[in-house]
There are 2 protein chains.
Amino acid sequence: MDFSSKLLENAVNEVSRLPGIGKRTALRLVLFLLKQPKENTTYLAEALQKLRTEVKTCKKCHNISDTDFCEICSNLNRDSKTICVVEDIRDVMAIESTAQYRGLYHVLGGKISPIEGVGPQNLTIDSLVEKVKKGEVKELIFALSSTMEGDTTNFYIYKQIEEFGITTSTIARGISVGDELEYADEVTLGRSILHRIPFEQSFQK
Amino acid sequence: MDFSSKLLENAVNEVSRLPGIGKRTALRLVLFLLKQPKENTTYLAEALQKLRTEVKTCKKCHNISDTDFCEICSNLNRDSKTICVVEDIRDVMAIESTAQYRGLYHVLGGKISPIEGVGPQNLTIDSLVEKVKKGEVKELIFALSSTMEGDTTNFYIYKQIEEFGITTSTIARGISVGDELEYADEVTLGRSILHRIPFEQSFQK
């Protein structure tokens, strides 16, 4: 692309570094900002800068937070002995929105993935094992996505905490509520038959 | 969405104001920035701010430029008597990348669209008419997209410059090079038959 302005080119280049945003989309976004009042660009730039420099991670669960301990970890009404292991904050938000879980979380910050150069040392696994070692955990729920990387990460953590004899579980895999059986993939359908539950439980909350 | 951090919520809200970016995408982009070095966010924020505050529009063609007169308008090798009327900078870039046009441009900054509240006074039509009036223009090429709004804008401009007797033209509409006839819409196919050109011209450059 040939730009008539270095400033424009620079802005487009920076925006197109974001994932899933190509040069054309970046140009569209930048031209949109140019048509808007100047304050809007200032708000956007400041919000990003402020977030990047001031945001903290909760010292207990590693979730993104404005304070040293996040709202969930500071909430005394929650069951602090049950910990749900998730990949990132989006998973926390997804589980929180179900309003079905009253325990705490542990945010790993990713999954073990040799291809992407992510090893156990890049994740918060040590601090999770530490919690288990100290006897702070009664049940650990693995809620990573069920991919090769997710399963590897689960297994790696499991091997490290096995000796402490706490309860471990993994979220149920099965056919989504409302989904047609015929469109389900074989692995999911297979698992949902293997791990079938007593019928009376299916309409309990 | 329930955010665990006000800073995060604020950043996501600002990013999701951009066109075509919803809350989920905004969250993905913001979390990406959080995983990157701090400088990257600074570069992005500064590039946007700098562009918004320092960029100029060319005093002659209204294209985005770092200087008072853009590179195209300042280029003495170009035919300054031929002016191509386009909607915005993206059209200039598209035409420039063909390397088939040696005249200048006039960037309107939009199309007349009563629904979106864009009237002739919001565009740079007056300055275009002024150029024609002063005898600076020999040919005017209309290159707006052929929608209701584009055609209206073309006609509005045409009516204002009709009396000065300059040559006016519009870019050819027809089947794209490489397209199959059977998939073309009727209007385009119809026009391409009406405005057929002598066969010998079709392989001239």
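Residues numbered from 1 in each chain as written. Chains lettered and ligands numbered in written order. Predicted model: local features only at pLDDT ≥ 70, side-chain atom pairs only at ≥ 80, totals over all residues.

1. Some thoughts on the relation of the copies chain B and chain A
By a simple turn and slide, chain B fits onto chain A: the slide is 0.1 Å along the axis, the RMSD is 0.1 Å, and the turn is 180°. Such values leave the two copies arranged in the relation of a two-fold axis. Relative to the rotation axis, the C-alpha of B:Ala45 is the closest in chain B, positioned 2.2 Å from it. When the interface residues of chain B are mapped onto chain A, 100% of them again lie at the interface, so the same face is used by both copies. (Least-squares fit on C-alpha atoms with pLDDT ≥ 70 in both. Contact = placed C-beta atoms within 7 Å.)

2. Overview of the confidence of the model for chain A
All names here are of chain A. Across chain A, pLDDT averages 90, with 99% of residues at or above 70. Across chain A, strand β4 (residues 103-107) holds the top mean pLDDT of 95, while helix α9 (residues 199-202) sits lowest at 77. Across the interface, the model reports ipTM at 0.82; the global pTM reads 0.79. (pLDDT = per-residue confidence, 0-100. Helix = DSSP H or I, 4+ residues; strand = E, 2+ residues; numbered from the N terminus.)

3. Remarks on the pairing of strand β5 (residues 139-142) of chain A
Residue and element names in this part refer to chain A. Here strand β3 (residues 79-86) pairs with β5 via 4 bridges, running parallel. Within β5, the position partnered with cysteine 84 by the bridge is isoleucine 141. Pairing geometry for β5 and strand β6 (residues 167-170), over 4 bridges, is parallel. Across the sheet, the residue bridging to isoleucine 141 is serine 169, located in β6. (Pairing = 2+ DSSP bridges.)

4. Remarks on the sheet that holds β5(A)
All names here are of chain A. The 4 strands lie next to each other as β4-β3-β5-β6, forming an open sheet whose pairing is parallel. Only two strands of the sheet have a single neighbouring strand rather than two, namely β4 and β6. Mean inter-strand twist for the sheet, computed between neighbouring axes without regard to direction, equals 25°. (Axes fitted to C-alpha atoms, helices over the stretch in contact; angles between N-to-C directions.)

5. Here's the deal with the interface of chain B and chain A
Accessible area lost on assembly of the parts is the figure often given for the size of an interface. Each side of the interface is counted separately: chain B has 50 residues, and chain A has 50 residues. Breaking the side of chain B that touches chain A down by element, the ones donating at least two residues are α1 (6-15), α2 (23-35), α3 (38-54), β2 (64-65), α4 (71-74) and α5 (89-96) of chain B. Of the residues contributing to the side of chain B that touches chain A, the split by class is 27 nonpolar, 10 polar and 13 charged. (Nonpolar A, V, L, I, M, F, W, Y, C, P; charged D, E, K, R; others polar.)

6. Thoughts on the packing of α1(B) against α2(B)
Residues and elements named next belong to chain B. Running from amino to carboxyl end, α1 crosses α2 at an angle of 120°, the nearest separation of the two axes being 8 Å. As judged from the angle between their axes, α1 and α2 are oblique. The handedness of the crossing between α1 and α2 is right-handed. Facing α1, whose interface residues are Leu8, Ala11, Val12 and Val15, α2 presents Lys23, Ala26, Leu27, Leu29 and Val30. Considered class by class, the residues forming the contact of α1 with α2 number 8 nonpolar, no polar and 1 charged. (Parallel < 35°, antiparallel > 145°, perpendicular 65-115°, else oblique. Left-handed = near helix turned anticlockwise from the far one by under 90°.)

7. Some points on the pairing of strand β3 (residues 79-86) of chain B
All names here are of chain B. With 5 bridges connecting them, β3 and strand β4 (residues 103-107) associate as parallel partners. Residue pairing in the sheet places valine 86 in a bridge with valine 107 of β4. Regarding topology, α5 serves as the crossover connection from β3 to the parallel β4, and that connection is right-handed. (Right-handed = clockwise from strand over helix to strand, strands pointing away.)

8. Examining the environment of A:Ala45
Here A:Ala45 shows up in helix α3 (residues 38-54). A tally of 22 C-beta atoms within 10 Å means that A:Ala45 is categorised as buried. Contacts of A:Ala45, omitting those with residues within four sequence positions, involve B:Ala45, B:Leu48 and B:Gln49. (Buried ≥ 20, exposed ≤ 12 C-beta atoms within 10 Å, placed from the backbone.)

9. What about helix α2 (residues 23-35) of chain A?
Look at α2(A): 18 Å from first C-alpha to last across 13 residues, which is about the 18 Å you get at 1.5 Å a residue. Residues A:Leu27, A:Leu29, A:Val30 and A:Leu33 constitute the buried set of α2(A). Along the axis of α2(A), the buried positions cluster into a sector of 165°, meaning they face one direction only. Exposed and oriented more than 90 degrees from the buried face of α2(A) are A:Arg24 and A:Lys35. Those residues of α2(A) hidden inside the fold are in contact with α1 (6-15) and α3 of chain A together with α3 and α5 of chain B. (Expected span 1.5 Å × (residues − 1). Arc of directions from axis to C-beta.)

10. Focus on the environment of A:Ala184
All names here are of chain A. Structurally, alanine 184 can be placed in the loop between β6 and α8 (186-194). For alanine 184, a count of 15 C-beta atoms within 10 Å gives the class partly exposed. When the C-alpha atoms of alanine 184 and glycine 174 are compared, they prove to be 9.1 Å apart, with 10 residues separating the residues in sequence. Every residue in contact with alanine 184, bar those within four places of it in the chain, is listed here: Ile175, Asp179 and Leu189.

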